[in-house]
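Structure at a glance
Take a look at the letters that make up each chain.
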Amino acid sequence: MTIENISANKSFGGWHKQYSHQSQALNCTMRFAIYLPPQVSTGHKVPVLYWLSGLTCTDENFMQKSGVQRIAAELGIAIVAPDTSPRGEEVADDKHYDLGQGAGFYVNATQAPWSRHYQMYDYVVKELPNLIEETFPVSDKRAISGHSMGGHGALTIAMLNPTRYSSMSAFSPICNPMATPWGQKAFAAYLGKDKNSWKNHDASELMRQAVQFVPARVDQGRADEFLKEQLKTEILAASAKVNDYPLDLRLHDGYDHSYYFISSFIEEHLRFHATYLNT
C-alpha cells in the first residue's frame, strides 16, 4: 500500500510523522500520525500503542496536547493515532458533532448511508496495523488506549480481540453506550434498531461476559461534565466486579474531560502498558 508522508517533526530523539493513504476498508483517503521513538534508529523493532481519540478529534489532538512523546521515547514504544472517522466530500455526514465525520465510534456500520465508508472497526483492528507493521520498524506487540469515544473503542476492540492486544486503557470512556444519548444515537444510525447488535460494542456488556481477560486501566475525573449522563463509569465498575475482571479503575477529584486530565496521567498509562508490552 502506498502511503504519503505529510509532515515530520523531531521530538525527544524520535520522530513524529503524519501520513495519508487510501483506505480500502473505509473507501476514502485517511490520515494517521505515528511517533517513532529513538530506539528504532538502532535497528530495534518496538511495540505499538494505538491511541483512539474522541468526538470531533483528528490524529492531531492527542499527539499535540498529551505530551506522550517524552515517555514513549524513554520506554521505546511507538504511538499510532488514526483519525476518528472516514473523511471526504463523498463520505456521509451529519450536521451534529456526535454523528458522522469525526464521530465514527469505531464500529462497522451496517446501515445506509453509513455502511459505504464507516468501517472503523476493520480499519483499526486489521487494515491500519497491517500497514504499520509492513511499513515501520515495529513488532507485532500491540496495546490500545483512548479517550471518551476513543476510550469506548479501545476497551471494546481489545475485549473483542483479546489475543491481539497485551493491555488496554482509557481516559473518561463511554462505558455503557447502549444506555447513553451519544451511544444510542450513533448505534441506531450505524448498526440499526436491533439492540442485540449493539452489545458487541458496549464495554460494560463485554466486560460482564468476558472469558478471556485483557489487563485494563481506566482513569476518570470526578468533575467530568459528561460523567453522569454519557460515560456511566459506575456500570463498568459493576460489570468488572461481577466477572472479577482485572480492571484498575481510578477516580480523580477535580479533573474534567479535557486534555489537561489526559496529560496529567498519560505517563502512568504508558508505564502500565510497558509492563505488558515488554514481557
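Since this is a predicted model, take the numbers as computed values, not measurements. (Residues numbered from 1 in each chain as written. Predicted model: local features only at pLDDT ≥ 70, side-chain atom pairs only at ≥ 80, totals over all residues. Heavy atoms only, no water.)

The subject of this paragraph is helix H2 (residues 68-75). Counting buried residues along H2, six of its eight residues qualify, which places the element largely inside the surrounding structure. What H2 keeps buried is the set Val68, Gln69, Ile71, Ala72, Ala73 and Leu75. Residues of H2 that are buried in the fold lie against strand S1 (3-11), strand S2 (14-23), strand S3 (28-36), helix H1 (60-65), strand S5 (78-82) and helix H9 (259-277). Just downstream of H2, Gly76 is the residue with a positive phi angle, here 70 degrees. (Buried < 20%, exposed > 50% of the residue type's maximum accessible area, 1.4 Å probe, protein only. Helix = DSSP H or I, 4+ residues; strand = E, 2+ residues; numbered from the N terminus. Contact = heavy atoms within 4.5 Å.)

Summarising the element assignment, Asp83 is placed in the loop between S5 and helix H3 (120-135). Within the structure, Asp83 has its side chain in polar contact with the side chain of Arg87 (distance 2.9 Å). Residues in contact with Asp83, not counting those within four places in the same chain, are Met30, Arg31, Cys57, Thr58, Asp59, Tyr106 and Met120. (Polar contact = N/O pair within 3.5 Å; in protein donor to acceptor, adjacent residues only side chain to side chain.)

The full count for this structure, using the stated rule, is 16 salt bridges. For Lys126, the salt bridge is made with Asp122, and the minimal N-O distance between the two is 3.8 Å. Taken together, the residues Lys126 and Asp122, both in helix H3 and four residues apart, mark about one turn of the helix. A residue is classified by how much of its surface remains accessible, and Lys126, at 47% relative accessible area, is partly exposed. Asp122 sits in the partly exposed class, given a relative accessible area of 23%. (Salt bridge = Lys/Arg side-chain N within 4 Å of Asp/Glu carboxyl O.)

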